[in-house]
Amino acid sequence: QVQLVESGGGFMQAGGSLRLSCAASGSIVSINAMGWYRQPPGRQRELLAAINRDGLTNYPDAVKGRFTISIDNAKNTVYLQMNSRKPEETDVYYCKEDIATPDSYGMDYWGKGTLVTVSS
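Calculation rules
- Residues numbered from 1 in each chain as written.
- Predicted model: local features only at pLDDT ≥ 70, side-chain atom pairs only at ≥ 80, totals over all residues.
- Heavy atoms only, no water.
- Helix = DSSP H or I, 4+ residues; strand = E, 2+ residues; numbered from the N terminus.
- Rg over C-alpha atoms; globule rule 2.2 N^0.38 Å.
- Buried < 20%, exposed > 50% of the residue type's maximum accessible area, 1.4 Å probe, protein only.
- Contact = heavy atoms within 4.5 Å.
- Areas by Shrake-Rupley, 256 points an atom, 1.4 Å probe, with all protein chains shown as cover.
- Lys, Arg positive; Asp, Glu negative; His and termini not counted.
- Charge placed at Lys NZ, Arg CZ, Asp CG, Glu CD.
- Phe/Tyr/Trp six-rings, centres within 6.5 Å; stacked < 30°, edge-to-face > 60°.
- Polar contact = N/O pair within 3.5 Å; in protein donor to acceptor, adjacent residues only side chain to side chain.
- Salt bridge = Lys/Arg side-chain N within 4 Å of Asp/Glu carboxyl O.

## Comments concerning the overall build of the protein
Thinking step 1. Scanning the protein for helices and strands turns up zero helices and eleven strands.
Thinking step 2. Sequence-ordered secondary structure for the protein, helices as α and strands as β, is β-β-β-β-β-β-β-β-β-β-β.
Thinking step 3. In terms of C-alpha radius of gyration, the protein reaches 14 Å, essentially the compact-globule figure of 14 Å for 120 residues.
Thinking step 4. Along the three orthogonal principal directions, the C-alpha set of the protein runs to about 45 × 25 × 25 Å.
Thinking step 5. Of all 120 residues assigned to the protein, the portion counted as buried reaches 39%.
Thinking step 6. The long-range fraction of contacts in the protein, counting pairs at least 24 apart against all pairs at least 6 apart in sequence, stands at 54%.
Thinking step 7. Surface exposure of the protein reaches about 6,600 Å², of which carbon and sulfur atoms provide 47%.
Thinking step 8. In the protein, 12 side chains carry a positive charge and 12 a negative one; their mean positions are 5 Å apart.

## What to know about the environment of Ile 69
Thinking step 1. Residue position: Ile 69 is located in strand β7 (residues 67-72).
Thinking step 2. When the C-alpha positions of Ile 69 and Ser 21 are compared, they lie 9.9 Å apart, and in sequence the two are 48 residues distant.
Thinking step 3. Those residues in contact with Ile 69 that sit more than four places away from it in its chain are Met 34, Gly 35, Trp 36, Ala 49, Ala 50, Ile 51, Thr 57, Tyr 59, Val 78, Tyr 79 and Leu 80.

## Section: the packing of aromatic side chains
Thinking step 1. Taken as a whole, this structure holds two aromatic pairs when the rule is applied.
Thinking step 2. Ring centres of Tyr 94 and Trp 110 lie 6.4 Å apart, and the angle between their planes is 85°; on these two criteria the pair is classed as edge-to-face. Of this pair, Tyr 94 sits in strand β9 (residues 91-101) while Trp 110 sits in strand β10 (residues 104-110), and the two are 16 residues apart along the sequence.
Thinking step 3. Connected via pairs of aromatic rings, a cluster forms that spans Tyr 37, Tyr 94 and Trp 110.

## Details of the side chain of Asn 32
Thinking step 1. Relative to the assigned elements, Asn 32 resides in strand β4 (residues 30-39).
Thinking step 2. Among the polar contacts listed, one links the side chain of Asn 32 to the backbone oxygen of Tyr 105, at a separation of 3.3 Å.
Thinking step 3. Filtering out sequence-adjacent residues up to four positions away, Asn 32 remains in contact with Asn 52, Arg 53, Asp 98, Ile 99, Ala 100, Tyr 105 and Gly 106.

## Side note on the pattern of salt bridges
Thinking step 1. Evaluated as defined, the whole model comprises seven salt bridges.
Thinking step 2. Note that Glu 46 and Arg 38 form a salt bridge whose closest N and O atoms lie 3.6 Å from each other.
Thinking step 3. Accessibility expressed as a relative area gives 22% for Glu 46, which makes it partly exposed.
Thinking step 4. Ionic pairing is found between Lys 64 and Asp 61, a salt bridge with its closest N-O pair at 3.3 Å.
Thinking step 5. Here Asp 61 falls in the exposed class, since its relative accessible area comes to 65%.
Thinking step 6. One salt-bridge network, held together by shared partners, links Arg 38, Arg 43, Glu 46 and Asp 91.

So this is what it looks like as structure tokens:
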């Protein structure tokens, strides 16, 4: 059993910065890839940042230069540093991890999400 727990969400002013964390726990053999998503109301989840176990990162154009994803392998934790926040980025933020367990070479696991509110 694997669990992901996000933290760091909350209220912030536009233009400010915030760091989210996502800690994985359970029967983890290795973490193949990690990603952060947000879900605007009525829409599908959108990728914000991704990183694989080799450290290669991927960002959509909308957040390049403002968001940074990083990992602490010793803690099985992925972080998302978000700068220059915009009010339209008020959403629930989720982490997703592709994790290998004793029963699987890799499966996607999602956290329950953390709400980030950006005030203008």
